[in-house]
Each structure stands twice: as C-alpha cells, then as structure tokens.
Amino acid sequence: MINKLENLANEILLIILSYIPWFQIIESFWSLNKRLNSLIYLKTLMNNNGIIIHKRFLSFNRYHSIMTSKICDLLSFFSCIEWMDIDGNHSNYDDIICQWIFHREILYFVNLKKLILRECYLTEKSLKNLSLLIQYQLDELILIFDKNIFALFCYGARILRKRFNREYKLMLMFQEFVRRLFSDKCQLTSLELDLSTDFFNVNIHKCFSTITNKPVTHCMSLRYLHIHLIYGFLFEHIIEHVPNLEILSVQFKNALLWKSSLDSDTKTFIPTNVNWCNKIPKLKYFSLKSAINSHLQFDYLKWILNNINYIDKLKVDLYIKYLMDFINVIDANFLRRYCIPDILTNLIYFDFYIIFKCRLLFSNDIQKIIDSFKTDDFFSDHHWTNIKCFFDPILSCQHISSTTIIKSKFFHGVIIDYPMIFDWDCIKYIKLNLDPSIYIILNQFDKIYPHIRCIQFNIARRISLGQSEYSTFAQSSLDVEHSKLIDIRFRYVTRLDFGTDFGRGSAYYDASIDRNKLRAEVIAYLISMPIQLIYLRIEQYDWLLHLIEYSFDKLRKNALTTVQHAEFCLTSCHTGSNESIHTGKNLVFILSSYMPNLQTLRLWRDDDFPWTSIRPEYPAGDLYQVLTRQWIESLQTPESIVKHVAVFEQNLCELVEKLKQLVYIDIYGQIEHKKVESYRSMIEKRFPNSRYYIDISRLRLWF
C-alpha cells in the first residue's frame, strides 16, 4: 500500500514541517492545496508569526528565485508575518528590503512590526527603505552593522573630491539615518543599535554633535533603547532626543570612554551638575556594561549614575583591570563609592556582576567581603546582603555578584578568552593558546565542554612568534607516543579557526621553511580532531598550502572533505615578492581537490579581487621598488583594467566549474572606482542568473 502525504494527520505534518527551512516549505508546499496552506499558516503562527533567514548553505540566489516566482501567490501569507530576523552574512539586504519587503514602493508585509538585521551592510536603496519603515511601519528594530561598512566609509572619506564619490555620500546618508532614529521621523517603541564597530574614526559617533543651526527634534514613541558603542558622548547626545524613554541599556565595546582619544589631550574628567530627570523623566531602568581600566573612567561612571539617581532599577556589569594599585578588593564600601548614586530616591532593585583582576585572595578575604555587605547599613536596609563572591586562582580574578557566580569548569591556563560577564553553558565558542599543557584540555574536551562548537587556536603572526614556541608545542603537546593525541576526536566541534587576524592587509608571506613545517604539523594534528569539520577558517592561505606540502601524512584521512565553509587571507597579486604574488594561482585546484563539498568561500585580499597575478617577475634590489611602483601606477589604465577583468572572469568560471556545490563567494579587498563597473558588467554577462553586490571594498556573489 502506498501512503500519500495527504493521508498523514495534521500533527505529523506539522512535525515534518518543523524540520524544513521556511524557504523550502514555500517552494515545495505552498499553493498545493488549501490544507497545506493552512498548516503553513499554523506553523508560522507557532513560530510567533516570524521568518528567520539565517541558513548558511542554501544559496541566496535560490531564495530570491523562490520569492520572486511566488510573490503574487504569497501576498495573503505575507499578511500574517509580524517579524523578520535576517543574517547579512549570507543575504543581500538590498534584495530583501527593496524587493521582498518593498516592491516598487509597495509594502508587501503589511503587518511587519519587528525587524532584526544582523551583520548589516547597507546601501543607499536599503537606507531609504529602512527610513520609511521606521517612520511608518515598524515598532521594533534591532540593527547590528557589519564592521566593514565602516571601513568602506573610511576609505571613501580619504578620497579627494569627496562630494563626487559614492562612499562618502553613503556615509552622510548613514549619519542622517542614525539621527533619524532619534527624531520625529521615527515611530519605533524599541530600538537595539550596535555601533561598536565604528572604530575607523568615521565620525558616526559624532553625527549629533556635527549638526548646527537645525532645530532639535524628538522621537516621542521610543520606550526601550539598548545601544552598544565605543564612546559615551554619543548616548549623552541621544538622551536629548528621547524624552519618553523608560528602559536604557548601554554597553561599551572596550572601556568606559566618554570621548575619543583623538579629541584632545585632556587627562581628567570634569563632571557637570546635570540631572537627566528633565531630559528622560520617565526612565525606570538603567543598565551599563563595560570594562574599566582607569580611575578617570570611575569618575565618568559615577557622574552617569548620579544623573539617573531617580530610577527604580539599576544593573551594573563591570570588568576592572590594571587597577590593583588603586583598588584592593571589591566590597560593600567600594560599591557604595563608585557603583551607586550618591543620593537615592526610588531605587528598589540593584543588580551587579563585577570581575576584578586582582592579587591573590584567600578564603578569609572572601568571607570579609561577603560580611561587609551584611554590616553595611545601606545594603542591610535594602536587604541586598545575599552576595556571592569567588576568586579564580587561574586568572587571578575576583568575581562578585548580587545573584550568582558562574565559575569556569576547567582552565589549566589554556583558555585565554575570558568574557566579561558570561553564562558558561551558553558559550559556543572558545579560544585556546598553543600552550604545552593544551593536551590536558584536548584529551577531555568533549566531556568538559559538550556545548562548545567552535575553537579558535591563537597562532601568532610572524613577528611576535618565535620558532621555539612552535617547537615546544609540537614536541611536548603533540608527542604522539606520549600524549596519544592522534586518537582524540571532537564529537561536537564543527568549526576550527587558526589565527586571530582576519581582515584586509592581514596576509603576509613567511619565508621560514622550518617555522612553516612546524606550524603545518601543529595544524595537521588539530584539524584531524573534529569528527565532522564543517567550518574552517585559516588566517593565512599559505598555512593550508604548507599543511598539504609538509604534513599531509599527519592529517587524518578525509579530514578536509567535510568542510563546507572556508575562509582565508591571500597575499597581494600586485605587491610583494615574486613568490608571494603567485600564492593564489592554484587556489581552485587545492580547494576542489581537498574540499570538494565546499559551499561558501570568503577571501580577504590586500587589494584587487582576482587571486591570479599577471604581474611580471621583477629582480630583487633597488630596481624592484621602481618596477613595482610603475606597475601599481599602470593598474588604472584602460588596458590594465581589461586584462584584470579577463583574469577575474577566468578565476570565477574555474571556481564554479570545479566546485560543483559552491553557492556563495565573499571577497573583501580594495579596488578603484573605475573597476567596479567593469567587474559588474562582466558578472552580469557571465553569470546572468546570479545575485551579486559589488563596491570598491567588497564583492558578494550568489551563484
């Protein structure tokens, strides 16, 4: 007897649908019959009427085809969607915002009220449409920017004749959009805004202070604001524009800074007698999370707290370092002095978690700290005496909290990434140093860290790393007969990162054969440990070549064949030695031979997008510098651009031909404006059915 899908009960069909990505459901089941349509409606309702677009390995080009082919049939379904969560790592915001949410200025998702944009790489079109959404449609917006959009702004700001370059205009539009978020052109009630990647001095943080001779406008609807930033002066400006704010949460990226270090040479913070009760009188809850590494930052913290002394609830999360000469321990007296307003009127809830890098504390010291809260009149009167305190002897840190202390389960001096405030069981990512004692943690990794999915091994750059460090590690940690690390298998880890510096200008050529051999041996053993390695990020593409050349016999059989996502930094094709410029010539052959199932590829380039060099080989010596400079100057000529377009076309065609499962390539680089249109025309002609995005610093291509 043959069973049909329609014969299954609704409950079973819903279970089946719960395992299928949203786009595949639309592609396969929508409009087949009324019953399936109703079940899809119900599944969406069970998912709180939302859509999540995060899937890494389904081609965005396929997503786009599904949506555009069925968009008319889906209009009734779109009306039930109330929120969308989009990951820009694998999606094109222009297509989603400008062609799906909006199409020819018509809003398809008429009931959309919440939008979450992660790794957001905005363009002029998407900024215009987002401005319309915050003014007329959305109630909630979460905006986390791709840090490379700020690099693009910075590059555009350095170019002469700024008013004629697209990147500078985009930066001005972006600044205007940030101002609009806190103006009468915004109807949001809740906003989460991450500006912590604005570290290129692009002046996004100064977008309010640069306005002159314009009337002050307010966003009267905003009630909740969470902002992640670098400098405090931005949120000082923002509170001037949100008078009805009730909840304010501020997180600083590295330390509690009130101004840019480039602004002035002032070494003191001078507090002003200002109370924010007149600016944000409805504020009930304030949360601040930051590192503190100077006495001046404590002055700034105290000034902020005294300005909001009328609130009901206060939460402070701090990581204090470099202040052992100034602070002995964190106790009740310290909190009263620095972490609580001097005058309190309404405070009924005080939550804190503080980590202090300090000297050794003994058990009697810990008890004295806990008792200080019981004997302090202020904490006793408020019944805030149930304090938890713990000393971490490995990292020499005092943990003190009003709720719970989250202790690390196992360190042995190996883990060097120590989050400021964390929930250990929620962490999926961990950094490990190449310490000789690392074999202790690797031997028991699955048992101790079953929740960890990604490990980053900190392999230092050529200048700071001595050969002896690799040698010691290879001989003591990777002694196969002694440690038996060849038998270690990670059951849960699916991603490995080698190195810490992924970015433009990070690629370098290491000519030391001995160091390359040792590094290759280390990476070979480590890369063999995951049972199924899916994500592989290797800082230098050269390291992969050395692994194959020097230590392939130490690599577990088929260890690389399961890799579906790869990321590397490649040396320049224009500058460098005759050897380094040709590093990428066998890129496609290497990937297709050892990673045949690759689906996404990200490359970091110092300059142009092609990875095959056509620069002639130059003799070493003084003549090399002259010839290289002449070559760089020739790159802007029409003849050179035509040649590089042909080379890049050949690169992409070979990549698609050899890697049958590849759906997405993401290249970060830096090219001249003249090449953008030439590359664009080539892609449209050679890959007419693909989706793409290209500017002077990035190419994204969905096959």
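Residues numbered from 1 in each chain as written. Predicted model: local features only at pLDDT ≥ 70, side-chain atom pairs only at ≥ 80, totals over all residues. Heavy atoms only, no water.

## What about the nonpolar core?
If you look at soluble globular proteins, the nonpolar side chains tend to sit buried side by side.
Line of reasoning, step 1. Ranked by internal contacts, the top residues of the largest apolar core, which has 189 residues, are M84, F568 and W611.
Line of reasoning, step 2. Setting aside chain neighbours within four positions, we find M84 in contact with I51, I53, I96, I101, F109, L112, K114, L115 and I116.
Line of reasoning, step 3. Counting seven residues, the second largest nonpolar core, distinct from the first, contains Y319, Y353, C397 and I405. (Core = buried A, V, L, I, M, F, W, Y, C linked by side-chain atoms within 4.5 Å. Buried < 20%, exposed > 50% of the residue type's maximum accessible area, 1.4 Å probe, protein only. Contact = heavy atoms within 4.5 Å.)

## Description of the sheet that holds strand 21 (residues 664-668)
Line of reasoning, step 1. Taken in spatial order, the nine strands of this open sheet run 15-16-17-18-19-20-21-23-22, and their pairing is mixed. A strand with exactly one partner marks an edge of an open sheet, and here the two such strands are strand 15 (429-433) and strand 22 (691-695). Sheet twist, expressed as the mean angle between neighbouring strand axes with direction ignored, is 10°.
Line of reasoning, step 2. Two strands pair when backbone bridges link them, and strand 22 and strand 23 (residues 698-702) are joined in this way by five bridges, in the antiparallel orientation. Its bridge partner lying in strand 23, R691 is registered against W702.
Line of reasoning, step 3. Against the sheet, helix 24 (residues 673-686) engages strand 22 and strand 23, with an angle of about 170° to strand 22. (Pairing = 2+ DSSP bridges. Helix = DSSP H or I, 4+ residues; strand = E, 2+ residues; numbered from the N terminus. Axes fitted to C-alpha atoms, helices over the stretch in contact; angles between N-to-C directions.)

## Some remarks on the pairing of strand 15
Line of reasoning, step 1. The alternating pattern of strand 15 places I430 and L432 on a buried face and Y429, K431 and N433 on a face that is not buried.
Line of reasoning, step 2. In terms of strand pairing, strand 15 meets strand 16 (residues 454-458) through five bridges, oriented parallel. Directly across from K431, in strand 16, lies its bridge partner Q456.

## With respect to the sheet that holds strand 11 (residues 313-320)
The strands that make up a sheet are held in pairs by hydrogen bonds between backbone atoms, and each pair lies either parallel or antiparallel.
Line of reasoning, step 1. The 12 strands are arranged 1-2-5-6-7-8-9-10-11-12-14-13 in an open sheet whose pairing can be described as mixed. Of all the strands in the sheet, the pair left with one neighbour each is strand 1 (50-53) and strand 13 (388-392). Neighbouring strand axes in the sheet, compared pairwise and without regard to direction, differ in orientation by 5° on average.
Line of reasoning, step 2. Bridging between strand 7 (residues 190-194) and strand 8 (residues 224-231) involves five bridges; their strand directions are parallel. For E192, the partnering residue across the bridge sits in strand 8 and is H226.
Line of reasoning, step 3. Lying over the sheet, helix 13 (residues 363-375) contacts strand 12 (349-357), strand 13 and strand 14 (397-401), oriented at roughly 155° with respect to strand 13.

## Notes on unusual backbone geometry
Line of reasoning, step 1. With a phi close to 65°, Y322 is a non-glycine residue in the positive phi region.
Line of reasoning, step 2. By secondary structure assignment, the location of Y322 is in the loop between strand 11 and helix 12 (332-338).
Line of reasoning, step 3. The phi angle at N558 is positive, at roughly 65°, despite the residue not being glycine.
Line of reasoning, step 4. Note on placement: N558 falls in the loop between helix 20 (541-550) and strand 19 (565-570).
Line of reasoning, step 5. When its relative accessible area of 48% is taken as the criterion, N558 is described as partly exposed.

## Some points on the UniProt feature "transmembrane region" (unreviewed entry) in the protein chain
Line of reasoning, step 1. Under the feature "transmembrane region" (unreviewed entry), the UniProt entry names residues 12-32.
Line of reasoning, step 2. Taken end to end, residues 12-32 is 67% helix and 0% strand, and its two terminal C-alpha atoms sit 18 Å from one another. (UniProt positions renumbered as here; feature names shortened; annotations may be inferred.)

## Side note on helix 7 (residues 124-136)
Line of reasoning, step 1. Its 13 residues place the ends of helix 7 19 Å apart at the C-alpha level, agreeing with the 18 Å of an ideal helix rising 1.5 Å per residue.
Line of reasoning, step 2. All buried positions along helix 7 are accounted for by S126, L127, N129, L130, S131, L133, I134 and Q135. (Expected span 1.5 Å × (residues − 1).)

## Quick look at the packing of helix 2 (residues 22-29) against helix 3 (residues 34-46)
Line of reasoning, step 1. It is at 11 Å that the axes of helix 2 and helix 3 come closest, and there the two elements cross at 170°. Considering their axes alone, helix 2 and helix 3 lie roughly antiparallel with respect to each other. Within the contact between the two elements, helix 2 uses W22, I25 and F29 and helix 3 uses L36, N37, I40, K43 and T44.
Line of reasoning, step 2. Its residues assigned to classes, the contact of helix 2 with helix 3 comprises five nonpolar, two polar and one charged. (Parallel < 35°, antiparallel > 145°, perpendicular 65-115°, else oblique. Nonpolar A, V, L, I, M, F, W, Y, C, P; charged D, E, K, R; others polar.)

## Focus: the packing of aromatic side chains
Line of reasoning, step 1. Inspection of every chain in the model, using the stated rule, returns 29 aromatic pairs.
Line of reasoning, step 2. A centroid spacing of 4.7 Å and a plane angle of 75° characterise the contact between F145 and F174, whose relative ring orientation is edge-to-face. In this pair, F145 sits in strand 6 (residues 140-145) while F174 sits in helix 9 (residues 166-181), placing the two residues 29 residues apart along the sequence.
Line of reasoning, step 3. With a relative accessible area of 3%, F145 lands in the buried category.
Line of reasoning, step 4. Looking at F174, the relative accessible area reads 1%, which means it is buried.
Line of reasoning, step 5. Consider the rings of F352 and F373, whose centres lie 6.2 Å apart with planes at 15°: the pair is stacked. Of this pair, F352 sits in strand 12 while F373 is found in helix 13, placing the two residues 21 residues apart along the sequence.
Line of reasoning, step 6. Taking relative accessible area as the criterion, F352 reaches 2% and is therefore assigned buried.
Line of reasoning, step 7. By the ring-pair criterion, three or more aromatic residues cluster together here, those being F350, F352, F373, F378, F379 and W384.
Line of reasoning, step 8. For K313, the ring lying beneath its charged end belongs to Y349, and the centroid distance is 6.0 Å.
Line of reasoning, step 9. Here the basic side chain of R537 rests over the ring of F502, its NZ or CZ set 3.9 Å away from the ring centre. (Phe/Tyr/Trp six-rings, centres within 6.5 Å; stacked < 30°, edge-to-face > 60°. Lys NZ or Arg CZ within 6 Å of the ring centre and 35° of its normal.)

## Some remarks on empty space enclosed by the protein
Line of reasoning, step 1. What the rule picks out here adds up to two cavities of 30 Å³ or more.
Line of reasoning, step 2. If you add up the space inside the largest cavity, you get close to 40 Å³.
Line of reasoning, step 3. Forming the boundary of the largest cavity are L5, E6, L13, N33, R35 and L36.
Line of reasoning, step 4. Considered class by class, the residues forming the lining of the largest cavity number three nonpolar, one polar and two charged. (1 Å grid on protein atoms, 1.4 Å probe; cavity = no way out; pocket = protein on both sides within 12 Å on 5 of 7 lines; lining within 4 Å. Points joined across faces, edges and corners; volume = space filled by probe spheres on them.)

## Side note on the pattern of salt bridges
Side chains bearing opposite charge may pair, as long as their charged atoms lie close to each other.
Line of reasoning, step 1. A complete count under the given rule lists 19 salt bridges for this structure.
Line of reasoning, step 2. The residue K114 makes a salt bridge to E140 at a minimum N-O spacing of 3.9 Å. Taken as a pair, K114 in strand 5 (residues 114-120) and E140 in strand 6 lie far apart in primary sequence, 26 residues in all.
Line of reasoning, step 3. Overall, E140 belongs to the partly exposed group, its relative accessible area being 31%.
Line of reasoning, step 4. In this structure, R179 engages E176 in a salt bridge whose closest nitrogen and oxygen atoms are separated by 3.1 Å. Taken as a pair, R179 and E176 lie in helix 9 at a separation of three residues, close to a single helical turn.
Line of reasoning, step 5. For R179, a relative accessible area of 15% gives the class buried. (Salt bridge = Lys/Arg side-chain N within 4 Å of Asp/Glu carboxyl O.)

## Digging into the state of the cysteines
Line of reasoning, step 1. Taken as a whole and judged by the stated rule, the model has zero disulfides.
Line of reasoning, step 2. The thiol of C397 is unpaired, and the distance to the nearest cysteine sulfur, on C358, comes to 6.8 Å. (Disulfide = S-S within 2.5 Å.)

## Topic: helix 2
Line of reasoning, step 1. For helix 2, every residue scored as buried is listed here: W22, F23, I25, I26 and F29.
Line of reasoning, step 2. Looking one or two places after helix 2, you find S31, whose phi comes out positive at around 75°.

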